[in-house]
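Observations on the three-dimensional arrangement
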Amino acid sequence: LPALETLKQRACESVELNAARLGALSRDIWSRPELAYEEQQAHDTMTRFFSSGELPGAAWAVQPRYKLGTAFRAEWGTAAPQGPHPLRIAFLCEYDALPGIGHACGHNLIAEVGAAAALGLKAALESLPQPAPVAVQITVLGTPAEEQGGGKIDLINAGAFDGLDVVFMAHPSQEDAAYLPDVAEHDVTVKYYGKASHAAAYPWEGVNALDAAVLAYNNLSVLRQQMKPTWRVHGVIRNGGVKPNIIPSYTELEFYLRAPSMKDLSVLTEKVENCFKSAALATGCKVEIKGGENDYYNVLPNKSLQKVYKENGKKLGIEFISEDSILNGLSGSTDFGNVTFVVPGLHPYFYIGSDALNHTEQYTEAAGSQNAQFYALRTAKALAMTALDVIFKPSLLEEVREDFRQVKLKEEGQINPVE
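Not measured: the values here are computed from a predicted model.

Glancing now at the packing of helix 1 (residues 2-17) against helix 12 (residues 371-392). Contact pair helix 1 / helix 12: the axes reach a minimum separation of 9 Å and the direction vectors enclose 150°. By the angle between their directions, the pair helix 1 and helix 12 is classed as roughly antiparallel. Remark: the crossing between helix 1 and helix 12 carries right-handed chirality. Here L4, L7, K8, A11, C12, V15 and E16 of helix 1 come into contact with helix 12, specifically with L377, K381, A384, M385, L388, D389 and F392. Classifying every residue of the contact of helix 1 with helix 12 gives 10 nonpolar, no polar and 4 charged.

Written out as structure tokens, the structure reads:
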């Protein structure tokens, strides 16, 4: 398919041509970090970018504040010779930061990569002398609140992903990988209600909520011996009392639970909740256990998309980590996992020129550096090239859909086994 290679070249050239404005976009978001659901400036920066008359080619149709206050949607499509249904390709942009340390997860680069890949794909399709055999709709979705709350889950529930065929995004890391096993995550807030009393004069009149919190914490520490190596439980005591001479009447803990699948996560959740309940029983406190509104699902792999992404990445000089490293590695959690349960998706990781670890001050610095630009734009090129493969190779699209069906069936069979 020499014509396809020419289109890929065109996509890469477009990313290079737009490098300065893409770098400025990333830097703008990086320099003004905002927390989940509060990304007003990032939202405005992104919507201004896609509404700009300076962008090459035809205009994007931009919907600001799309279904969420800080989400947006930008679209552009080609006309089709036949058939009403375009192939819908989406690129996702995240742009929320972390409390205290700014863009330590590099979401400014995620936003840049999503925008860059969309521009590259659009430029390639606009360069065609005649319309493509299939109509294509490119959608850019701004998805807020990945670090807390799960904006993509809100958007799924609001119908933002309905009708999409394939979804792409890429996440900054310490290495390049077409897939990492991001795990399922459930967060829980636990409140213990006791009874205040003077801690020296008549402690026996009190019911100690701090004792309940400490017991709960220790129950979980003891549980760790029976946890699978792939399970994770981590948390903080958010409120531990007021003053040493008052028996604490109220304490609060927040914990995150993670496991490789939703099935494992439900088993772990039950064990952890028993740790919380038993601490209340032992101390005479009342307990309130509240799960987060949105559980993050594990990211489902799509072997066909991963294979093509790696082929394209290697042409650009990307060196991918070994399969063993992927299998033995542990990752975090992302609301993109939930997306992979409703539409075939690709969520590769990319090196940004630094050995710093995510969620550190050093990573914040790296994410805003000029050095990261080369790697981010190279990743965007590989995404655009992969999208072109999906568009111009109908057999690949079928494989991608089949992978999605099979993996999802297997996963849902685990969650709801047939009796």
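Here we take up the side chain of T47. For T47, the position within the fold is in helix 3 (residues 40-51). A polar contact of 3.2 Å, which involves the side chain of T47, links it to the backbone oxygen of D44. With residues near it in sequence (within four places) discarded, T47 still touches V62, P64 and F72.

Here we take up the sheet that holds strand 11 (residues 345-346). As summarised here, the arrangement of the 6 strands in space is 1-2-4-3-5-11, forming an open sheet in which the pairing is mixed. In this open sheet, the two edge strands, each paired with only one partner strand, are strand 1 (61-63) and strand 11. Note: strand 3 (residues 87-93) against strand 4 (residues 136-142), 7 bridges, orientation parallel. Its bridge partner lying in strand 4, A90 is registered against T139. Taken strand by strand, helix 3 contacts strand 1, strand 2 (72-77), strand 3 and strand 4, and its axis lies near 15° from that of strand 2.

Evaluated as defined, the whole model comprises 21 salt bridges. Across the pair E323 and K310 runs a salt bridge whose closest N-O atoms are separated by 3.2 Å. Of the two residues, E323 is situated in helix 9 (residues 323-328) and K310 in helix 8 (residues 303-315); the sequence distance between them amounts to 13 residues. Judged by relative accessible area, which is 48%, E323 ranks as partly exposed. K310 gets classed as buried once you look at its relative accessible area, which sits at 18%. A cluster of three or more residues bridged by salt bridges with shared partners is formed by E5, K8, K315, D389 and K393.

Bringing a nonpolar patch on the surface into the picture now. Nonpolar side chains collect at one region of the surface, where V214, Y217 and I237 lie side by side and expose about 230 Å² of accessible area between them. As for its placement among the helices and strands, Y217 is situated in helix 6 (residues 209-223). Classification of Y217 by relative accessible area gives partly exposed; the value is 38%.

The pairing of strands in a sheet comes from backbone hydrogen bonds and takes either a parallel or an antiparallel form. The strand order across the open sheet formed by 4 strands is 8-9-7-10, and the pairing between neighbours is antiparallel. Strands with a single pairing partner mark the edges of an open sheet, and in this sheet they are strand 8 (232-239) and strand 10 (286-291). Strand after strand, the sheet turns through a mean of 20° between neighbouring axes, direction not considered. The pairing of strand 8 with strand 9 (residues 250-259) spans 7 bridges and is antiparallel.

Right, let's talk about the UniProt feature "domain: Peptidase M20 dimerisation" (unreviewed entry) in the chain for a bit. When the UniProt feature table is mapped to this numbering, "domain: Peptidase M20 dimerisation" (unreviewed entry) covers residues 188-281. Secondary structure content for residues 188-281 is 37% helix and 26% strand, while the C-alpha to C-alpha distance between its ends is 19 Å.

This paragraph deals with the nonpolar core. The biggest cluster of nonpolar side chains holds 65 residues, and the ones touching the most others in it are F50, W60, I89, F91 and F168. Leave out the neighbours within four places in its chain, and I89 touches L121, V136, Q137, I138, T139, V166, F168, A387, V390 and I391. One finds L257, A259, L268 and V272 within the second-largest nonpolar core, a separate group that totals 26 residues.

Mapped onto the fold, S304 is located in helix 8. Of the residues examined, S304 reaches a relative accessible area of 10% and is grouped as buried. The residues contacting S304, other than those within four sequence positions of it, are L396, E399, V400 and D403.

A separate point is the environment of P260. Its place among the elements puts P260 in the loop between strand 9 and helix 7 (262-283). Taking the relative accessible area as the measure of exposure, P260 reaches 33% and is therefore partly exposed. The spatial distance from the C-alpha of P260 to the C-alpha of V183 is 4.5 Å, given a sequence separation of 77 residues. If we skip the residues at most four places from it in the chain, P260 touches V183, T230, W231 and N298.

Bringing the packing of helix 8 against helix 12 into the picture now. At a closest axis distance of 9 Å, the pairing of helix 8 and helix 12 adopts a crossing angle of 130°. Taken together, helix 8 and helix 12 sit at an angle that is classed as oblique. Viewed along their axes, helix 8 and helix 12 form a crossing whose handedness is right-handed. Listed contacts from helix 12 to L305, V308, Y309, N312, G313 and K315 of helix 8 are T379, A382, L383, M385, T386, D389 and V390.

Our next topic: the environment of A111. Turning to its location among the elements, A111 is positioned in helix 4 (residues 107-126). Spatially, the C-alpha atoms of A111 and E94 are 5.3 Å apart, while their sequence positions differ by 17 residues. In contact with A111, other than residues within four places in its own chain, are I29, M46, C93, E94 and Y95.

Its 12 residues give helix 3 an end-to-end C-alpha distance of 16 Å, which sits within 8% of 16 Å, the value for a rise of 1.5 Å per residue. Every buried residue of helix 3 is listed here: A42, H43, T45, M46, T47, F49 and F50. Elements that come into contact with the buried residues of helix 3 comprise helix 2 (19-31), strand 1, strand 2, strand 3, helix 4 and strand 4.

The next thing to look at is the pairing of strand 4. The buried count for strand 4 comes to 7 of 7 residues, which makes it a mostly enclosed element. Note that strand 2 and strand 4 share 6 bridges and pair antiparallel. Following the sheet pairing, A74 is matched in strand 4 by V140. Taken together, strand 3, helix 4 and strand 4 constitute a β-α-β crossover, and its handedness is right-handed.

Cut-off values and rules
- Residues numbered from 1 in each chain as written.
- Predicted model: local features only at pLDDT ≥ 70, side-chain atom pairs only at ≥ 80, totals over all residues.
- Heavy atoms only, no water.
- Axes fitted to C-alpha atoms, helices over the stretch in contact; angles between N-to-C directions.
- Helix = DSSP H or I, 4+ residues; strand = E, 2+ residues; numbered from the N terminus.
- Parallel < 35°, antiparallel > 145°, perpendicular 65-115°, else oblique.
- Left-handed = near helix turned anticlockwise from the far one by under 90°.
- Contact = heavy atoms within 4.5 Å.
- Nonpolar A, V, L, I, M, F, W, Y, C, P; charged D, E, K, R; others polar.
- Polar contact = N/O pair within 3.5 Å; in protein donor to acceptor, adjacent residues only side chain to side chain.
- Pairing = 2+ DSSP bridges.
- Salt bridge = Lys/Arg side-chain N within 4 Å of Asp/Glu carboxyl O.
- Buried < 20%, exposed > 50% of the residue type's maximum accessible area, 1.4 Å probe, protein only.
- Patch = residues over 30% accessible without salt bridge, like charges linked within 9 Å, V, L, I, M, F, W, Y side chains within 5 Å.
- Areas by Shrake-Rupley, 256 points an atom, 1.4 Å probe, with all protein chains shown as cover.
- UniProt positions renumbered as here; feature names shortened; annotations may be inferred.
- Core = buried A, V, L, I, M, F, W, Y, C linked by side-chain atoms within 4.5 Å.
- Expected span 1.5 Å × (residues − 1).
- Right-handed = clockwise from strand over helix to strand, strands pointing away.

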